Amino acid sequence: MDGTIWIVLSLCGGVVLGVACGVIIGYLVKQSKDKKTVGDAKIVAQKIVEDGEKLADALKKEKLLEAKEENHKQRTELEKETRERRTELNKWEQRLQSKDENLDRKQQSLEAKEENLKRDKANLEAKEKQVSQLVEEQKQELERISGLTQEEAKEIILETLQKDLVHESAAKIREFEATFKEESEKKARNILALSIQKSASDFVAETTVSVVELPNDEMKGRLIGREGRNIRALEAATGIDLIIDDTPEAIILSGFDPYRREIARIAIEKLVVDGRIHPARIEEMVEKATKEVENKIKELGEQAVFEAGVHGINPELVKLIGRLNYRTSYGQNIYKHSLEVSFIAGALAAEIGADVRVAKRAGLLHDIGKAIDHEVEGPHIQIGADLAKKYKENNAIIHAILAHHGDVEAKTIEAVLVQAADAISAARPGARRESIDAYIKRLQQLEEIADSFPGVEKSFAIQAGREVRIIVKPDKVSDDEMLILARNVANKIESDLDYPGQIKVNVIRENRAVEFAK
């Protein structure tokens, strides 16, 4: 179809071209200025038309040839493309046929496997029935031979398993405790050693009496005064007892309040220097001594805040911190104790990554209630928390004060660190003195706790209450149960008894065979 169109177009093109050329040439001839005749022009025009027709025929033949060649080329390409597609379709057909064959083979294989599985299942069910029957026969035979029912045999096995489990659990506990203690003690020892090393405080040296040296024994009579009026005025103004005995050139001030003892000591020293000793002068000197002690208290408070590196404390709290210098607990100076707790808590916080600022501030203020506990009703913990609230301390500090003796559960790491630092400072050898009655009562309670457990034959509190040695009955407590008993006793001591430092629980089990040769 395309070739025929090309031929038609070529023929039309040739005719049109010849006609056009004739018209143009005729027109040109007509307009020519040549003086030729019209006949010559017609001859020329005729010749031109003939030439145009020949040219058109040549062009026609040429275009026709080109059209035929183009038609042949397209037909060849179409046949080639058709052959390629037919080849590709044949390949796909072969692949599909191959896949169908594979699927048929797989289906046959699956059907064969399914048949095998059915046969295996039937065989297994038959074997299970045989096994169940054999097990039942064996149970009956075992019951007949052993003379025990199945339930009785279970009880015996469970009892044996229970003993084995106790043994294994005790062994595991020993293993875990050994590993845990080794790692935790090593790390805790390093942290505590570093923290304590940074704070080396003096040992306890406080007493309930103060000694005032006099220039001579004559001064004793002047302090007593006529009919004892001077000594009565001193005792009334200071609240301290003056003991004037045979001690050469010295008198003794006796009282449980170190603050009043300090005022009395300074007032007496001023009176001795001044030489004028009478009731009016005594009252004046006591007033001056009081102001001097108050100034010293303020200086001590500011010094403590500076040494601890704690800033922004209310001035009234600073004064109360200084007043702790004249307050003792079991013979330990509370001012020095508070500084020591602040240093240790801060060092511990730095070692474990806690808030050093909060730990040091709470450590410094944890016993602030003891500054006025003889003036205000209530435990020093609650008094200290109320003071902290009154002077706008934050909740973390108040919580640490409330929790430092365990009355309130510690909910922050800083509160736990203050607890630990307080125990370290109080348990340090020589830091505190304990009354003999409280000491004996603590030892008795320690032995009572140990004796309350079944299987304990006798217990002894030794090493000043740092260790409790427990003798158990060997027929009641096994070697594996000893470890569990030691842990239970330690837990009960921790929950029921207040004590400084730590207490070692040592459980001993032994068998003895005694015979007499006669």
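Structure: above.
A quick note: this is a predicted structure, and the numbers were derived from the prediction, not measured. Numbering of residues starts from 1 in every chain and runs along the sequence as written. Local features in this predicted model are restricted to residues whose pLDDT is 70 or higher, and side-chain atom pairs enter the listing and the counts only when it is 80 or higher, whereas totals over whole chains, interfaces and linings include all residues. Side-chain metrics rest on all non-hydrogen atoms present in the structure, leaving aside hydrogens and water.

## What to know about the overall build of the protein
Right, on to step 1. On a plain count of helices and strands, the protein comes out with 15 helices and eight strands.
Right, on to step 2. Note on exposure labels: buried denotes an accessible area under 20% of the residue type's maximum, exposed denotes more than 50%, and partly exposed covers the range between, all computed with a 1.4 Å probe on protein chains only. The buried share of the protein, reckoned over its 518 residues, is 30%.
Right, on to step 3. When contacts within the protein are restricted to residue pairs at least 6 apart in sequence, long-range pairs at least 24 apart make up 62% of them.
Right, on to step 4. Only the protein chains shown count as cover for residues, and all accessible areas are computed by the Shrake-Rupley method using a 1.4 Å probe. Within the structure as shown, the protein displays about 34,800 Å² of accessible surface, and the carbon and sulfur contribution to it stands at 54%. Helix numbering and strand numbering both begin at the N terminus, where a helix is a DSSP run of H or I of at least 4 residues and a strand a DSSP run of E of at least 2. Every residue pair with non-hydrogen atoms within 4.5 Å of one another is taken to be in contact.

## Comments concerning the pattern of salt bridges
Right, on to step 1. Any Lys or Arg side-chain nitrogen located within 4 Å of an Asp or Glu carboxyl oxygen qualifies as a salt bridge. What the rule picks out here adds up to 16 salt bridges.
Right, on to step 2. Its salt-bridge partner being Lys370, residue Asp367 comes within 3.8 Å of it at the nearest N-O pair.
Right, on to step 3. Three or more residues are tied together by salt bridges with common partners; here these are Asp274, Arg276, Arg281, Glu284 and Lys288.

## Let's talk about the side chain of Ser459
Right, on to step 1. If you trace the backbone, Ser459 turns up in strand β6 (residues 456-462).
Right, on to step 2. A relative accessible area of 1% means that Ser459 is categorised as buried.
Right, on to step 3. Two N or O atoms count as a polar contact when they lie within 3.5 Å, although within protein this holds only if one can serve as hydrogen donor and the other as acceptor, and sequence-adjacent residues are included solely when both atoms are side-chain atoms. A polar contact is formed between the side chain of Ser459 and the backbone oxygen of Glu447, at a distance of 3.2 Å.
Right, on to step 4. Within polar-contact distance, the side chain of Ser459 engages the side chain of Asp451 at 2.7 Å.
Right, on to step 5. In this view, Ser459 contacts Glu447, Ala450, Asp451, Val468, Arg469 and Ile470; residues no more than four positions away in its chain are not counted.

## Looking at the nonpolar core
Right, on to step 1. In terms of nonpolar packing, the biggest core is built from 35 residues, with Ile313, Ile321, Leu364 and Leu387 touching the most fellow members.
Right, on to step 2. Of all the elements in the fold, those that place two or more residues in this core are α7 (279-308), α8 (315-323), α9 (334-352), α10 (356-365), α11 (380-390), α12 (395-403) and α13 (413-427).
Right, on to step 3. When neighbours within four sequence positions are excluded, Ile313 is seen to be in contact with Val305, Val318, Ile321, Arg361, Leu364 and Glu393.
Right, on to step 4. Buried residues of nine kinds, namely Ala, Val, Leu, Ile, Met, Phe, Trp, Tyr and Cys, make up a nonpolar core once their side-chain atoms join them within 4.5 Å. Met219, Leu253, Ile282 and Met285 belong to the second largest nonpolar core, which has 27 residues in total.

## Description of the sheet that holds strand β7 (residues 467-472)
Sheet strands pair via backbone hydrogen bonds, and the direction of the pair is either parallel or antiparallel.
Right, on to step 1. Whether two strands pair depends on DSSP finding at least two bridges between them. Spatially, β6-β7-β8 is the arrangement adopted by the three strands of the open sheet, whose pairing is mixed. The open sheet has two free edges, formed respectively by β6 and β8 (504-508), since each of these has just one partner strand. On average, adjacent strands in this sheet sit at an angle of 20° to one another, irrespective of strand direction.
Right, on to step 2. Bridge count for β7 against β8 is five bridges, and the pairing is parallel. Residue pairing across strands places Glu467 opposite Lys504, the latter belonging to β8.
Right, on to step 3. In this analysis, axes come from line fits to C-alpha atoms, helices being fitted only over the stretch in contact, and the angle between any two N-to-C directions falls in the range 0 to 180 degrees. With respect to the sheet, helix α15 (residues 479-496) is in contact with β6, β7 and β8, its orientation differing from that of β8 by roughly 150°.

## A closer look at the packing of aromatic side chains
Right, on to step 1. Pairing of aromatic side chains here covers Phe, Tyr and the six-membered ring of Trp, requires ring centres within 6.5 Å, and sorts the geometry by plane angle: under 30 degrees stacked, over 60 edge-to-face, intermediate tilted. Evaluated as defined, the whole model comprises one aromatic pair.
Right, on to step 2. A ring pair is formed by Tyr259 and Tyr326, whose centres lie 6.2 Å apart and whose planes are at 70°; its orientation type is edge-to-face. Within this pair, whereas Tyr259 is found in helix α6 (residues 258-274), its partner Tyr326 is found in the loop between α8 and β4 (328-329), the two being separated by 67 residues in sequence. Each of the two residues, Tyr259 as well as Tyr326, counts as buried.
Right, on to step 3. Against the face of Trp92 rests Arg95, its NZ or CZ located 5.1 Å from the ring centre.
Right, on to step 4. To sit over a ring, a charge needs its Lys NZ or Arg CZ within 6 Å of the ring centre and within 35 degrees of the ring normal. Arg323 extends its terminal NZ or CZ atom over the ring of Tyr259, reaching a point 4.9 Å from the ring centre.

## Concerning the packing of α6 against α7
Right, on to step 1. Axis separation between α6 and α7 bottoms out at 8 Å; the angle between their running directions is 125°. Classified by the interaxial angle, the pair formed by α6 and α7 is oblique. Note on packing geometry: the crossing formed by α6 with α7 is right-handed. Facing Tyr259, Glu262, Ile263, Ile266, Ala267, Lys270, Leu271 and Asp274 of α6, the residues of α7 in contact are Arg281, Ile282, Met285, Val286, Ala289, Thr290, Glu292, Val293, Glu294, Lys296 and Ile297.
Right, on to step 2. Under the scheme applied, nonpolar residues are Ala, Val, Leu, Ile, Met, Phe, Trp, Tyr, Cys and Pro; charged residues are Asp, Glu, Lys and Arg; polar residues are all the others, including Gly. Considering only residue class, the contact of α6 with α7 consists of 11 nonpolar, one polar and seven charged. An angle below 35 degrees is treated as roughly parallel, one above 145 as roughly antiparallel, one from 65 to 115 as roughly perpendicular, and anything else as oblique. Left-handed is the label given to a crossing in which the near helix is rotated counterclockwise from the far helix by less than a right angle, and right-handed is the label when the rotation is clockwise.

## Digging into the pairing of β7
Right, on to step 1. The sheet contact formed by β6 and β7 spans six bridges and is antiparallel. Directly across from Ile462, in β7, lies its bridge partner Glu467.

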